[in-house]
Amino acid sequence: MLSSSSVRSYLHLHFLVMIWGFTAIVGLMVAISPVALVLYRTFFAAIGLGAVILLQRKSFAANRRDLVKMVAVGFVLSAHWMLFFASARVSTASVCLAGMATTSLWTSLLEPLVNKRKVRPLEVGLGILAFAGLYVVFKFEFDHALGLMLALASAALAATFTVANSRLVQRIDAYVITFFEMVGATLFSLVFLGISESRNWNGGAPFVPASGDWIWILFLAFICTVYASTMATQLMKQFSAYLINLTINLEPVYGIALAFFIFGEKERMTQEFYMGTLLILLAVLLYPLLTSTILKKNNRKIIEAGK
């Protein structure tokens, strides 16, 4: 049975996922290019995190090896967000969020490789169930294929980011990790923005935000990043990367509901689309139930063997 603190942490994780479910919607509300949006988001987030670290009198100190790792993870995070916002732009917020559901499948394959442990059949099985939900979405929303493919690539990068952070957080403060990752993400975004502008990959989207866009950019920077990303990194001390990413599969559920509430008929999808999201939700709900059952059986076997 979960302790009260574990329940609070798990509910906190769901609240963070709900915030992330809103990010694709914000990406549609802002007119600037996805690359410029990520640049502004990460730049202001780095400033906000730096201020928090200074106010809490924490140390920025990190050895050179860890510093390089955190900045490199920031590169991955920046690319993940660019693909995420681009997916929403070329399709819909709902399709983008549904594609992110494959994060658990990528994680079930990547985490054992990085942490040098055996692949757990349960994790792969539930990841495939989430992927089956995605297949249902893809089959009946083929006109959004490009957006879905961009979201799949974004999900693979999200899995890489989470697994890397699950190792770093064991020895480095979560705020410090996120700060250096935002610095790395800002540098990557700045370089990529120069390349995309020179080659006209932004499709004429402006670089300078309109006055009304600033509130959403700051929301992304301070609420979705400084607060949500740091708290999620902190929760990695309690939960595995797989459980966190599996819970993030609820992002489409929360995000689709919010998108329909805000954009109305524009975000209405086919019945099969919602069937696919239900499969994703089923995978999320089955994980804690099945792992708890397996753990009880293993404990019972240990007790019986000791008699």
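Our structure's up above, just so we're on the same page.
None of these values were measured; they are calculated from a predicted model. (Residues numbered from 1 in each chain as written. Predicted model: local features only at pLDDT ≥ 70, side-chain atom pairs only at ≥ 80, totals over all residues. Heavy atoms only, no water.)

## Topic: the overall build of the chain
Turning to step 1, where the next piece is worked out: Looking only at helices and strands, the chain has 13 helices and zero strands in total.
Turning to step 2, where the next piece is worked out: In sequence order, the secondary structure elements of the chain are arranged as α-α-α-α-α-α-α-α-α-α-α-α-α.
Turning to step 3, where the next piece is worked out: When the 307 residues of the chain are sorted by exposure, 50% land in the buried category.
Turning to step 4, where the next piece is worked out: Put simply, 88% of the contacts in the chain that link residues at least 6 apart link residues at least 24 apart.
Turning to step 5, where the next piece is worked out: Total accessible area on the chain is roughly 14600 Å²; 69% of this is exposed by carbon and sulfur atoms. (Helix = DSSP H or I, 4+ residues; strand = E, 2+ residues; numbered from the N terminus. Buried < 20%, exposed > 50% of the residue type's maximum accessible area, 1.4 Å probe, protein only. Contact = heavy atoms within 4.5 Å. Areas by Shrake-Rupley, 256 points an atom, 1.4 Å probe, with all protein chains shown as cover.)

## Describing the packing of aromatic side chains
Turning to step 1, where the next piece is worked out: Applying the stated criterion across every chain, the model contains 14 aromatic pairs.
Turning to step 2, where the next piece is worked out: Here the aromatic rings of Tyr-40 and Trp-214 are separated by 5.4 Å at their centres, their planes lie at 75°, and the arrangement is edge-to-face. On the criterion of sequence distance, the pair formed by Tyr-40 in helix H3 (residues 34–55) and Trp-214 in helix H10 (residues 214–235) is long-range, its members being 174 residues apart.
Turning to step 3, where the next piece is worked out: A relative accessible area of 30% means that Trp-214 is categorised as partly exposed.
Turning to step 4, where the next piece is worked out: On the basis of an interplanar angle of 70° and a centroid distance of 5.4 Å, the ring pair of Phe-43 and Phe-44 is categorised as edge-to-face.
Turning to step 5, where the next piece is worked out: An aromatic cluster of at least three residues, connected via ring pairs, comprises Tyr-40, Phe-43, Phe-44, Phe-207 and Trp-214. (Phe/Tyr/Trp six-rings, centres within 6.5 Å; stacked < 30°, edge-to-face > 60°.)

## Thoughts on the side chain of Ser-33
Turning to step 1, where the next piece is worked out: You can see Ser-33 is positioned in the loop between helix H2 (23–29) and H3.
Turning to step 2, where the next piece is worked out: By relative accessible area, which is 1% here, Ser-33 ends up buried.
Turning to step 3, where the next piece is worked out: Filtering out sequence-adjacent residues up to four positions away, Ser-33 remains in contact with Arg-89, Leu-193, Asn-202, Ala-205 and Pro-206.

## A closer look at unusual backbone geometry
Turning to step 1, where the next piece is worked out: A positive phi angle, near 55°, is found at Arg-57, a position not held by glycine.
Turning to step 2, where the next piece is worked out: Turning to its location among the elements, Arg-57 is positioned in the loop between H3 and helix H4 (64–90).

## Digging into helix H9 (residues 174–198)
Turning to step 1, where the next piece is worked out: For H9, which comprises 25 residues, the first-to-last C-alpha distance of 36 Å matches the rise-based estimate of 36 Å (1.5 Å per residue) to within 8%.
Turning to step 2, where the next piece is worked out: Among the residues of H9, the N-terminal cap falls to Asp-173, whose side-chain oxygen and the backbone nitrogen of Tyr-175 are separated by 2.9 Å.
Turning to step 3, where the next piece is worked out: The first or second residue beyond H9 is Asn-200, which carries a positive phi of 60°. (Expected span 1.5 Å × (residues − 1). Polar contact = N/O pair within 3.5 Å; in protein donor to acceptor, adjacent residues only side chain to side chain.)

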